[in-house]
Amino acid sequence: LREKTPVRYDEDRQSWDVFRYEDVHRILKDPATFSSRRGLEVRGETLLTMDQPKHTHMRNLVNKAFTPKAINDLAPRITSITNELLDQVTSRGKMDIVYDLATPLPVIVIAELLGVPAKDRMLFKEWSDTMVKGVENNTDAAFAHMMAERDKAEAELVQYFLKILEERRKKPEDDLVSALLEAEIDGEKLQEQDILRFCILLLVAGNETTTNLITNATRLMTEQPAIQDQVRQQPELVKSMVEETLRYYPPIVAIGRVATQDVEIGGQLIREGQQVVSWVGAANRDPDKFDDPDTFHPDRKPNAHMGFGFGIHFCLGAPLARLEAQIALEILLTRFTDIEFEKTSLTPIPSPFVFGVKSYPVT
Ligand code: HEM
């Protein structure tokens, strides 16, 4: 597709598909022409669906709370949570990477970061799972059921966070919710609604994606054992191996935008108001950008993949996702001498924009 029809119109989905690195890069770099108000904002506007200048203002505010230092300080906790999760499965001699490690780790980390008490963790996990659950069969009834479940979970989460906000307003703690309440630019603070939506966005944007990153990296090490051998011999490669996973098996394979004016891309005229899907998964394998693009090189450098997007909406949680994946892989490789896939059929996550599997048993 990238070679033969690098920009094509999909009649069924009524949207443009863009596959080449250069074109995807151009789209993500130009938020004035390619808006993020792609329809998702009807469920409540968030950072992800805002355009400038509102986006810049909001992003600057949340950046004050979501600092690199706040993330780096989490390393010891991420290490102990990973070890605790693995302690529970070590005696079994086998585990499901998705279920036993890659799903609970990001949920626990984000819960702690937000200041959700440990006793509420299971409740919190159920809500987060429901918020990102896809539909198995593509019928209208299944879709309506999923949306109703999501609305219910979202309403319960909002109620829950309102309680936490009230408590932190009275007595601030060392957590993200307190920092969000404090964050201020030119005397202006975040509105309560903005904080609530932002907290929910973190769950929706951060949990399943990180689960898939950890799983996809483990999957690569078992599909291509030479990679596992190489990283075991050179543990310093874990960082670049995580980046290469984001290029080769990116958890998010496509990013949507809407054209704000008529514009030409790859010789095709995109009309104002039309939807445009940027296929990051295809762009990340573009031979015009990457040498030997279909080979996984754990030590690839430079690696300008777009697994976390590009431009003003570049993933806010990238430092956190990277840190969790690096720590999880380092500990997996240290604690287990030879990780092998326990062969079963794989079930993909039911979303065309996500690359991941529901379960990945290893021995
Ligand atoms: C934005 C991917 C983890 C929070 C994005 C975007 C991508 C992405 C592709 C850009 C979307 C766009 O341009 O429309 C990923 C991947 C992750 C990950 C692959 C894991 C491997 C996280 C985590 C968090 C997070 C852990 C937070 C806890 C966000 C937020 C945005 C975002 C808030 C919106 C930023 C903005 O619009 O300014 N992510 N993400 N993500 N991500 Fe992530």
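The rules behind the values
- Residues numbered from 1 in each chain as written.
- Predicted model: local features only at pLDDT ≥ 70, side-chain atom pairs only at ≥ 80, totals over all residues.
- Heavy atoms only, no water.
- Helix = DSSP H or I, 4+ residues; strand = E, 2+ residues; numbered from the N terminus.
- Rg over C-alpha atoms; globule rule 2.2 N^0.38 Å.
- Buried < 20%, exposed > 50% of the residue type's maximum accessible area, 1.4 Å probe, protein only.
- Donors = N, O, S within 2.8 Å, 3.2 Å for Na, K, Ca; no water.
- Lys, Arg positive; Asp, Glu negative; His and termini not counted.
- Salt bridge = Lys/Arg side-chain N within 4 Å of Asp/Glu carboxyl O.
- Pairing = 2+ DSSP bridges.
- Contact = heavy atoms within 4.5 Å.
- Axes fitted to C-alpha atoms, helices over the stretch in contact; angles between N-to-C directions.
- Core = buried A, V, L, I, M, F, W, Y, C linked by side-chain atoms within 4.5 Å.
- Near = heavy atom within 4 Å.
- Polar contact = N/O pair within 3.5 Å; in protein donor to acceptor, adjacent residues only side chain to side chain.
- Nonpolar A, V, L, I, M, F, W, Y, C, P; charged D, E, K, R; others polar.
- Patch = residues over 30% accessible without salt bridge, like charges linked within 9 Å, V, L, I, M, F, W, Y side chains within 5 Å.
- Areas by Shrake-Rupley, 256 points an atom, 1.4 Å probe, with all protein chains shown as cover.
- Charge placed at Lys NZ, Arg CZ, Asp CG, Glu CD.
- Disulfide = S-S within 2.5 Å.
- Expected span 1.5 Å × (residues − 1).
- Arc of directions from axis to C-beta.

**What about the overall build of the protein?**
And then number 1: Counting secondary structure elements, the protein contains 14 helices and eleven strands.
And then number 2: Its C-alpha radius of gyration of 21 Å places the protein within 12% of the 21 Å reference for a compact globule of 363 residues.
And then number 3: With respect to the three principal axes, the spread of C-alpha positions in the protein is 60 × 55 × 45 Å.
And then number 4: Here the protein holds 363 residues, and the buried ones make up 52% of them.

**What to know about the coordination of the iron atom of the ligand**
And then number 1: Within the protein, a single donor atom binds the iron atom of the ligand, namely Cys315 (SG) at 2.3 Å.
And then number 2: Take cysteine 315: it is sitting in the loop between α13 (280–283) and α14 (318–335).

**A look at the side chain of aspartate 286**
And then number 1: Tracing the sequence through the fold places aspartate 286 in the loop between α13 and α14.
And then number 2: Salt bridges are absent for the buried aspartate 286, whose nearest opposite-charge side chain, arginine 2, sits at 4.3 Å.

**A few points about the sheet that holds strand β1 (residues 7–10)**
And then number 1: The sheet built from five strands is open, its strands ordered β1-β2-β10-β7-β3 with mixed pairing. Strands with a single pairing partner mark the edges of an open sheet, and in this sheet they are β1 and β3 (34–35).
And then number 2: Where strand β2 (residues 15–18) lies against strand β10 (residues 275–279), four bridges are found, and the strand directions are parallel. Residue tryptophan 16 lies in a different strand from β10, and its bridge partner there is valine 276.
And then number 3: With respect to the sheet, helix α1 (residues 21–29) is in contact with β1, β2, β3, β7 (254–259) and β10, its orientation differing from that of β10 by roughly 125°.

**A few points about the nonpolar core**
And then number 1: Core analysis: the biggest nonpolar cluster contains 85 residues, and Leu114, Phe124, Phe161 and Phe198 have the highest contact counts within it.
And then number 2: It is helix α10 (residues 192–223) that contributes the most residues to this core, 13 residues altogether.
And then number 3: Excluding residues within four positions of it along the chain, leucine 114 makes contact with Phe124, Phe161, Asp175, Leu176, Val177, Cys199, Leu202 and Leu203.
And then number 4: Counting residues in hydrophobic clusters, the runner-up holds 18 residues, among them Val7, Ile27, Ile265 and Ile270.

**With respect to the site of the ligand**
And then number 1: The environment of the ligand is made up of 28 residues, and the closest members are His55, Arg59, Arg257, His313 and Cys315.
And then number 2: Here an oxygen atom of the ligand and a side-chain polar atom of arginine 38 are 3.2 Å apart.
And then number 3: Contacts to the ligand include histidine 313, whose side-chain N or O atom sits 2.6 Å from an oxygen atom.
And then number 4: Of all the secondary-structure elements, those providing two or more residues to the shell around the ligand are α2 (54–65), α10, β7 and α14.
And then number 5: The dominant element in the shell around the ligand, judged by the number of residues it contributes, is α10, at seven residues.
And then number 6: Considering only residue class, the shell around the ligand consists of 17 nonpolar, eight polar and three charged.

**Digging into a negative patch on the surface**
And then number 1: Taken together, the side chains of Glu182, Glu184, Asp186 and Glu188 make up a negatively charged region of the molecular surface.
And then number 2: With respect to the helices and strands, the residue glutamate 184 is situated in strand β5 (residues 184–185).
And then number 3: Residue glutamate 184 is classed as partly exposed on the basis of its relative accessible area, which comes to 38%.

**Some words on the environment of asparagine 212**
And then number 1: Within the secondary structure, asparagine 212 is located in helix α10.
And then number 2: Overall, the relative accessible area of 1% leaves asparagine 212 in the buried class.
And then number 3: Between the C-alpha atom of asparagine 212 and that of glutamine 193, which follows or precedes it by 19 residues, the distance is 29 Å.
And then number 4: Setting aside its immediate chain neighbours within four residues, asparagine 212 contacts Pro251, Ile349, Val354, Phe355, Gly356 and Val357.

**Topic: helix α12 (residues 238–248)**
And then number 1: Most of α12 sits out of view: ten of its eleven residues are buried.
And then number 2: Those residues of α12 that are buried are in contact with α10, α11 (225–233) and α14.

**Brief notes about the pairing of β1**
And then number 1: Across four bridges, β1 lies against β2 in antiparallel orientation. Of the residues in β2, the one forming a bridge with aspartate 10 is serine 15.

**Let's talk about the state of the cysteines**
And then number 1: Tallying each qualifying case throughout the model produces zero disulfides.
And then number 2: Among the cysteines around cysteine 199, which has no disulfide bond, cysteine 315 carries the closest sulfur, lying 16 Å off.
And then number 3: By relative accessible area, which is 2% here, cysteine 199 ends up buried.

**Considerations on the pairing of β2**
And then number 1: Judged by which residues are buried, β2 turns out to be covered on both faces: Ser15 and Asp17 on one side and Trp16 and Val18 on the other are all buried.
And then number 2: Counted between consecutive antiparallel strands, the loop separating β1 from β2 contains four residues, among which glutamine 14 sits at a positive phi close to 50°.

**Overview of the side chain of arginine 219**
And then number 1: Within the secondary structure, arginine 219 is located in helix α10.
And then number 2: When neighbours within four sequence positions are excluded, arginine 219 is seen to be in contact with Tyr249, Leu346, Phe355, Val357 and Tyr360.

**Some points on helix α4 (residues 75–90)**
And then number 1: Across its 16 residues, α4 extends 22 Å between first and last C-alpha, which sits within 8% of the 22 Å expected from 1.5 Å per residue.
And then number 2: Within α4, burial applies to Ile78, Ile81, Thr82, Leu85, Leu86 and Val89. Viewed end-on, α4 has its buried residues packed into an arc of 125°, placing them on one side of the element. Of the exposed residues in α4, the ones pointing more than 90 degrees away from its buried face are Pro76 and Gln88.
And then number 3: Residues of α4 that are buried sit in contact with β4 (95–96), α5 (97–102), α6 (104–114) and α14.

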